[in-house]
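Listed here are the chains, written in short residue letters.
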Amino acid sequence: MANATYTPTTSASGLNKLWRKVQGEVGQGLNYACEEWQQLEDLQEFSIDWSFREITFPLRINKGVGAASISEGGFEARPSSPNLEECTINWVQFNKRFTATLMAMYVSQKNSEAALKQQLMYQAMDAVDVLAAHFSDYFYGFSTAVLAITDTDLSGTTGTLTLKNAYGTSTITDATYIASLFRVGEVIAAVAAGSDALVDANAIGVITAVTPATPSIAVTWIGSVGAYTTNGIRIVKANSLDQTITGTDLNRGLTGLLDMATSASVHSLSSSSVADWSPAMADTTGGRLSGIRIRKAMDEIKNYGTGKADKLILDQGVNRDLIAQQQAALRFSDPFALELAAEVKNKGLEFFSSRRTPPTYAWLLAKKSFRRMNLLPKPTAGGVTWKDGEKIPDVNALVFSMDWPAQMVTTCRKNMAYWSGLTRQ
C-alpha cells in the first residue's frame, strides 16, 4: 500500500491572507533639487518699498567732467555736475496651486498613520519643487519669458514642434538642454514672431511628449489651430486658467542672467543711450575658458565696476573642461593618491554650476550688485496646513495656492563679465 502524501502549506498562496501588505518609505526616483532656488539666500535682498504705480531707483553712472589747471589769479573751471539716470523695475508673480478633497482632510486628521507620507505634505512639497524649477529656469533667461523658438508650421488640433534657440537666443543650441526647459503636462502657448499675440486663438496646448534628441515637443491644442507658416514662433508657458495671450507668461519672466548680460535695455535703461550700462566684458569668441581669461574678466570688473568679482557661474561642461586643463598641468607628489574628480578653486571666488546653466556660457559677478527682490518668504512645504485651503464653491474639496512675487535686480552691470561659445567636456 502506498504511503499517503501531503503538500506543504505555502505562505504565498495557502496563508497569504495571514500576511500584511507592507510598503516602504516613499522613494525619490529623480533629482528635484534646484540649485538656483537654494542659492537665493546667497543674493542680497534689494530693499525697496513695493508700489503698483512705479518702482524706480536713481543710478549714478554718468561721468563728471570739467576739472581745470588754471594760471595764478586766472579764471576758475566751468562748474558742472552730471545728472543721474533712472532705472524702473517691476516684479513678476509666481503662482502654484493644488487641490485636495475634504474627505482627504478628515481622514488625515483622524488617522495620520494611514498614509505612507501625509498627503498635504507631499502635495505641498511637490508644489514648492515646481515653483523652484520655474524660478531656476527663468534665473538664466529674459524678462520676455520665451523658452524656445520653433519654425514648425502649425495647424489642426495636435502638432509636434521642433525647437531651437533656448530662451530665444541663437547661441544656445544644445538639443538636450532645450528639451529640459519643457515637461510633459505643462501648458504652453505659441506666440507670433514680431508681435505679442498668439498665432491663433487656439494656440495654447498641453505638452504630451518631449523628445530631447530632436529636440521637439508634442502638443494637443485647446482647439483647432488655423494654418500658420511664419518662422520664429516663440514658445512660452501658459499654465494659468486664462486661455488668452494675457494669461500666458509672455513678458512675465525674471530679468535673468542672459538679459543682464546681452540685452541693450535692462530695467528700462538702455546701453544705446548710456554706454556704461553694459557688462564690463563680453567675450563671444568661444574656445577654452582658462585662468588667464578669468583673470582678465576680474580685472575688467575691478577697473570699471564697483566691486570685486566673487562668483563664477559656469556651464557644467565648461567647468569639466576647466578641470581637465588644470589636471593636465599638475604634478603629483604621491601618484598613488590621485584625486580623479577634483574641483578648480580660486581664492575669494565661489564657483557655481548646475544642470540649468546654459551650455557654453559662463558669468563672472561681483555679487553685491545682483540682488533678489521678493515680497514674501520662500514658500516651504512645512508651512502649509489644512487651514490654508480655500473651499471650492459647490465642490467638496479645497484649493491651496502658493504665491511668490519676485524679481532679479542689478544695480551695476559693470560688475558682470560673461563668455559664450566656450568649449565643453
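These numbers were taken from a predicted model, which means no experiment stands behind them.

Draft legend 1. Looking closely at the overall build of the chain. Secondary structure summary: the chain contains seven helices and 19 strands in total. Its C-alpha radius of gyration of 28 Å places the chain more than 25% over the 22 Å reference for a compact globule of 425 residues. Taken along its principal axes, the extent of the C-alpha atoms in the chain is 140 × 70 × 50 Å. When each of the 425 residues of the chain is scored for burial, the buried share is 43%. Across the chain, contacts joining residues at least 24 apart in sequence account for 77% of those joining residues at least 6 apart. Working note: accessible area of the chain is about 23800 Å², and carbon and sulfur atoms make up 51% of it. Both charge centroids of the chain, one from 39 positive and one from 40 negative side chains, sit 4 Å from each other.

Draft legend 2. Representation of helix α6 (residues 291–304). When the terminal C-alpha atoms of α6 are compared, their 20 Å separation across 14 residues agrees well with the 20 Å that a helix rising 1.5 Å per residue should span. Residues R293, I294, A297, M298, E300 and I301 constitute the buried set of α6. Along the long axis of α6, the arc covered by the buried residues comes to 160 degrees, so they all point the same way. The exposed residues of α6 that point more than 90 degrees off its buried face are I292, K302 and N303.

Draft legend 3. Highlighting the sheet that holds strand β4 (residues 148–150). Strands sit in the order β4-β5-β8-β7-β6-β9 around a closed barrel of six strands; the barrel is antiparallel. Going from strand to strand, the sheet's axes swing by 45 degrees on average, the running direction of each strand aside. With three bridges joining them, strand β6 (residues 187–191) and strand β7 (residues 204–211) adopt antiparallel strand pairing. Note on β7: the bridge partner recorded for I188 is G205.

Draft legend 4. Quick peek at the pattern of salt bridges. This structure, assessed with the given rule, holds 13 salt bridges. Put simply, D42 and K311 hold a salt bridge, and the shortest N to O gap is 2.8 Å. With D42 in the loop between α1 (35–38) and β1 (55–59) and K311 in strand β13 (residues 311–314), this residue pair connects regions lying 269 residues apart in the sequence. Judged by relative accessible area, which is 27%, D42 ranks as partly exposed. Measuring nitrogen to oxygen at the nearest pair gives 2.8 Å for the salt bridge that ties D283 to R293. Here D283, found in strand β12 (residues 281–283), pairs with R293, found in helix α6; they are 10 residues apart in sequence, far enough to count as distant. Accessibility classification places D283 together with R293 in one group, the buried group.

Draft legend 5. How the structure looks around the nonpolar core. Ranked by internal contacts, the top residues of the largest apolar core, which has 71 residues, are F135, L154, Y167, F182 and W363. The biggest single contributor to this core is helix α3 (residues 119–138), with nine residues. By size, the runner-up hydrophobic cluster in this structure holds 19 residues, among which are M281, A297, A362 and W419.

Draft legend 6. Structural context of the state of the cysteines. For the coordinates displayed, the defined rule picks out zero disulfides. Residue C87 stays outside any disulfide, its sulfur separated by 11 Å from that of C412, the closest cysteine. Residue C87 is classed as buried on the basis of its relative accessible area of 0%.

Draft legend 7. Examining a nonpolar patch on the surface more closely. Together, L15, L18 and W19 make up an exposed nonpolar region whose accessible area comes to about 380 Å². With respect to the helices and strands, L18 occurs in the segment before α1.

Draft legend 8. Quick peek at the pairing of β7. Pairing geometry for β7 and strand β8 (residues 216–228), over six bridges, is antiparallel. Each bridged residue has a counterpart across the sheet, and for I207 the counterpart in β8 is V219. Counting the residues between successive antiparallel strands, the hairpin from β7 to β8 contains four residues.

Draft legend 9. Quick look at the side chain of H134. Assignment of secondary structure puts H134 in helix α3. Each residue touching H134, except ones within four places of it in the same chain, is listed here: F94, K237 and D249.

Draft legend 10. Representation of the environment of Q118 in the model. Looking at the element boundaries, Q118 is found in the loop between α2 (102–110) and α3. Measuring from C-alpha to C-alpha, the distance between Q118 and A227 comes to 48 Å, with 109 residues separating the pair along the chain.

Draft legend 11. Highlighting the packing of aromatic side chains. Across all of its chains, the model carries 15 aromatic pairs by this definition. Seen in terms of ring centroids, F52 and W91 are 5.4 Å apart; in terms of plane orientation they differ by 75 degrees. Their pairing is edge-to-face. Placement of the pair is F52 in the loop between α1 and β1 and W91 in the loop between β2 (85–89) and β3 (92–101), with a sequence separation of 39 residues. According to the relative accessible area criterion, F52 is exposed, its value standing at 81%.

Conventions used here
Residues numbered from 1 in each chain as written. Predicted model: local features only at pLDDT ≥ 70, side-chain atom pairs only at ≥ 80, totals over all residues. Heavy atoms only, no water. Helix = DSSP H or I, 4+ residues; strand = E, 2+ residues; numbered from the N terminus. Rg over C-alpha atoms; globule rule 2.2 N^0.38 Å. Buried < 20%, exposed > 50% of the residue type's maximum accessible area, 1.4 Å probe, protein only. Contact = heavy atoms within 4.5 Å. Areas by Shrake-Rupley, 256 points an atom, 1.4 Å probe, with all protein chains shown as cover. Lys, Arg positive; Asp, Glu negative; His and termini not counted. Charge placed at Lys NZ, Arg CZ, Asp CG, Glu CD. Expected span 1.5 Å × (residues − 1). Arc of directions from axis to C-beta. Pairing = 2+ DSSP bridges. Axes fitted to C-alpha atoms, helices over the stretch in contact; angles between N-to-C directions. Salt bridge = Lys/Arg side-chain N within 4 Å of Asp/Glu carboxyl O. Core = buried A, V, L, I, M, F, W, Y, C linked by side-chain atoms within 4.5 Å. Disulfide = S-S within 2.5 Å. Patch = residues over 30% accessible without salt bridge, like charges linked within 9 Å, V, L, I, M, F, W, Y side chains within 5 Å. Phe/Tyr/Trp six-rings, centres within 6.5 Å; stacked < 30°, edge-to-face > 60°.

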